[in-house]
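Listed below are the residues making up each chain.
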Amino acid sequence: MNHMIEFVFDANVPWDLEKINKLDKIMQVLDNSNFKICMSYDNFIEMPHDVRNKFRKYQFVVIDEPDEMDFKEFRTRIRNEKIILDKKDSAVLYSCNKTGADFIVSSDTHFLLEAKKYIKIFDRKTRAFHLLDAIKYLKQMEILDAKSCVNTSLDLYKKKEIPHLVTNHGNELIDDTLKRNDWINNETKSCMNTFNNYKQHIFSYYQL
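It should be emphasised that the depicted structure is a prediction, and the values quoted were computed from it without experimental measurement. (Residues numbered from 1 in each chain as written. Predicted model: local features only at pLDDT ≥ 70, side-chain atom pairs only at ≥ 80, totals over all residues. Heavy atoms only, no water.)

Focus: the pattern of salt bridges
Filter applied, for reference: The salt bridge definition used is simple: a Lys or Arg side-chain nitrogen within 4 Å of an Asp or Glu carboxyl oxygen. A run of H or I in DSSP becomes a helix once it reaches four residues, and a run of E becomes a strand once it reaches two; helices and strands are each numbered from the N terminus. For every residue, the accessible area obtained with a 1.4 Å probe (protein chains only) is divided by the maximum for its type, and the residue is called buried under 20%, exposed over 50%, and partly exposed between those limits.
Under the defined criterion, the tally for this structure stands at ten salt bridges. The closest approach of N and O atoms between Lys54 and Glu18, which form a salt bridge, is 3.0 Å. Of this pair, Lys54 sits in helix H4 (residues 49–56) while Glu18 sits in helix H1 (residues 12–19), and the two are 36 residues apart along the sequence. Classification of Glu18 by relative accessible area gives buried; the value is 15%. Notably, a salt bridge pairs Glu114 with Lys117, separated by 3.4 Å at the nearest N-O pair. Residue Glu114 and its partner Lys117 are both found in helix H7 (residues 109–121); the two are separated by three residues, about one turn of the helix. Note on Glu114: relative accessible area 9%, which makes it buried.

Topic: the state of the cysteines
The cut-off we apply is this: Criterion for a disulfide: a pair of cysteine sulfur atoms at a distance within 2.5 Å.
For the coordinates displayed, the defined rule picks out zero disulfides. No disulfide involves Cys96; its nearest neighbouring cysteine sulfur is the one of Cys38, lying 9.1 Å away.

Overview of the packing of helix H2 (residues 23–31) against H4
Applicable threshold: Axis lines are fitted through C-alpha atoms, for helices just across the contact stretch, and the angle between N-to-C directions can take any value from 0 to 180 degrees. An angle below 35 degrees is read as roughly parallel, one above 145 as roughly antiparallel, one from 65 to 115 as roughly perpendicular, and any other as oblique. Left-handed is the label given to a crossing in which the near helix is rotated counterclockwise from the far helix by less than a right angle, and right-handed is the label when the rotation is clockwise. Any two residues having at least one pair of non-hydrogen atoms within 4.5 Å are treated as being in contact. All residues other than Ala, Val, Leu, Ile, Met, Phe, Trp, Tyr, Cys, Pro, Asp, Glu, Lys and Arg, Gly among them, are scored as polar; the first ten of these are nonpolar and the last four charged.
Close contact between H2 and H4 brings their axes to 10 Å; oriented N to C, the two are set at 20°. With respect to each other, H2 and H4 are oriented roughly parallel. For the element pair H2 and H4, the recorded crossing hand is right-handed. The residues of H4 that touch H2, namely those facing Leu23, Asp24 and Met27, are Val51, Lys54 and Phe55. When grouped by side-chain class, the residues that make up the contact of H2 with H4 number four nonpolar, no polar and two charged.

So this is what it looks like as structure tokens:
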């Protein structure tokens with residue numbers, strides 16, 4: 001690498017990696033490479049205390065303290081361009097604007113759409129990546145191997161997306177709290193079993 005690669009992380013990136021017990025592993029890989037990670041303090045305090053401690057212990061992590069007046073003016077500028085975000089999501093873009101980061105990384109699809117609008121309107125060279133895109137990028141840079149990438153992606157789907165989808169569906173379908181909780185628990189187990197069967201076959205196809 002010819003220069004330091006800088007990421008701005010949304011709070012959901014370390015948080016999601018911690019949900020699948022991969023935060024330390026990914027951070028250790030990045031720590032041995034030419035990377036810098038910035039996160040706004042507004043986003044940092046969104047995360048649980050244990051995730052904050054794991055994330056901030058790495059020397060290449062910078063927690064950005066926004067200047068409140070400057071941040072307010074920035075939010076006005078992007079809102080005038082029809083980029084509609086709440087304060088916490090705006091903080092991700094603000095840190096990117098301040099640092100000139102190479103990549104914005106988030107697991108929030110709506111935020112990424114607004115981030116891409118910001119990049120286009122303000123003519124930034126930054127790229128907006130979903131966490132899965134960032135994992136793929138690390139594979140392309142030969143920093144992560146294929147097995148780690150596939151495993152991380154599948155675990156994110158299993159341990160984050162499936163429970164989220166099932167819970168939301170249960171909340172919409174069933175009014176009674178006890179019946180809803182039982183349905184969510186049973187349906188989650190069923191989905192997990194099906195997923196594990198697919199995962200096993202996916203790994204066997206690629207001999208990972």
